[in-house]
Amino acid sequence: MSDPSPLLAFRAGLLTRFAADAARVALLGGGVRLYDEPPRGAVPVYALFGEAEIRDDSVDGAGRHRHRHEVAVIAKPGSVRTALDAAARMAALLTQPDMPLQGCCLVTLRVSALKASRDERTGEARATLTVEAVTEAL
């Protein structure tokens, strides 16, 4: 079986990092609760993978990718604090650069933005992390 794309490898690394933290699990109501799509019938608080982009960033023959990923924490209407607390914990977990990835290694990792918003249709509160990274193929 071939290695996953750098984008999928990075997402899997995020899932592993977030799943191992009891404080983050508690803030999201138990379990990993980080999904690709809003789960049918799920009650907030949970998180979603949002927009993601990778670009070639190869240097001197080393296969590198520059990543930009969003992770949105969804909370009940009127609960922006709940979303921000969970997002802040996730951001804190990303200050440690040692995140094993399949098929590549992490060169840099940082949270470049944290944004609070509200869904106009549902009223649900959101806190969105923007994570930037550079990975290098093994």
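Structure: see above.
Let us look at the structure shown here. Quantities reported herein were computed from a predicted structural model and do not represent experimental measurements.

A few words now on the overall build of the protein. Check the secondary structure of the protein and you find 3 helices and 5 strands. Going residue by residue from the N terminus, the α and β elements of the protein occur as α-α-β-β-β-α-β-β. Its C-alpha atoms give the protein principal-axis dimensions of roughly 50 × 25 × 25 Å. Here the protein, with 138 residues, has 37% of them falling under the buried criterion. Sequence separation of at least 24 residues holds for 61% of the intrachain contacts in the protein that already meet a minimum separation of 6. Split by element, the accessible area of the protein, about 7600 Å² in all, is 51% carbon and sulfur. If you average the places of the 17 positive and of the 17 negative side-chain charges in the protein, the two averages end up 7 Å apart.

Quick look at the pairing of strand 5 (residues 125-137) now. Pairing between strand 3 (residues 64-75) and strand 5: 12 bridges, direction antiparallel. The partner of His-69 across the bridge, within strand 5, is Val-131. In terms of strand pairing, strand 4 (residues 104-118) meets strand 5 through 13 bridges, oriented antiparallel. Paired with Val-111 across the strands is Val-131, a residue of strand 5. The loop that links strand 4 with its antiparallel partner strand 5 comprises 6 residues; one of these, Gly-123, has a positive phi angle of about 80 degrees.

Attention now goes to the sheet that holds strand 5. A sheet is described by the order of its strands in space; here 5 strands give the open sequence 1-2-3-5-4, paired in mixed fashion. The strands lining the two open edges of the sheet, one partner per strand, are strand 1 (34-35) and strand 4. Across 9 bridges, strand 2 (residues 46-56) lies against strand 3 in antiparallel orientation. Residue pairing in the sheet places Ala-52 in a bridge with His-69 of strand 3. Strands in contact with helix 1 (residues 6-19) are strand 1, strand 2, strand 3, strand 4 and strand 5; relative to strand 2, the strand with the most contacts, it is inclined by about 145 degrees. Where helix 3 (residues 80-93) meets the sheet, its contacts fall on strand 2, strand 3, strand 4 and strand 5, and the angle it forms with strand 5 comes to roughly 15 degrees.

Moving on, we get to the side chain of Arg-11. Locating Arg-11 in the fold gives a position in helix 1. Note on Arg-11: relative accessible area 17%, which makes it buried. Arg-11 has contacts with Asp-36, Phe-49, Gly-50, Ala-52 and His-69, leaving out every residue within four places of it along the chain.

Turning our eyes to something else, we now look at the pattern of salt bridges. Pairing is possible between side chains that carry opposite charge, provided their charged atoms lie close to one another. In the structure shown here, the tally under the stated rule is 10 salt bridges. The shortest N-O distance in the salt bridge between Asp-57 and Arg-66 comes to 3.0 Å. A relative accessible area of 45% means that Arg-66 is categorised as partly exposed. Residues Asp-119 and Arg-126 are paired through a salt bridge, measuring 3.5 Å at the closest nitrogen-oxygen approach.

Cut-offs used in this document
Residues numbered from 1 in each chain as written. Predicted model: local features only at pLDDT ≥ 70, side-chain atom pairs only at ≥ 80, totals over all residues. Heavy atoms only, no water. Helix = DSSP H or I, 4+ residues; strand = E, 2+ residues; numbered from the N terminus. Buried < 20%, exposed > 50% of the residue type's maximum accessible area, 1.4 Å probe, protein only. Contact = heavy atoms within 4.5 Å. Areas by Shrake-Rupley, 256 points an atom, 1.4 Å probe, with all protein chains shown as cover. Lys, Arg positive; Asp, Glu negative; His and termini not counted. Charge placed at Lys NZ, Arg CZ, Asp CG, Glu CD. Pairing = 2+ DSSP bridges. Axes fitted to C-alpha atoms, helices over the stretch in contact; angles between N-to-C directions. Salt bridge = Lys/Arg side-chain N within 4 Å of Asp/Glu carboxyl O.

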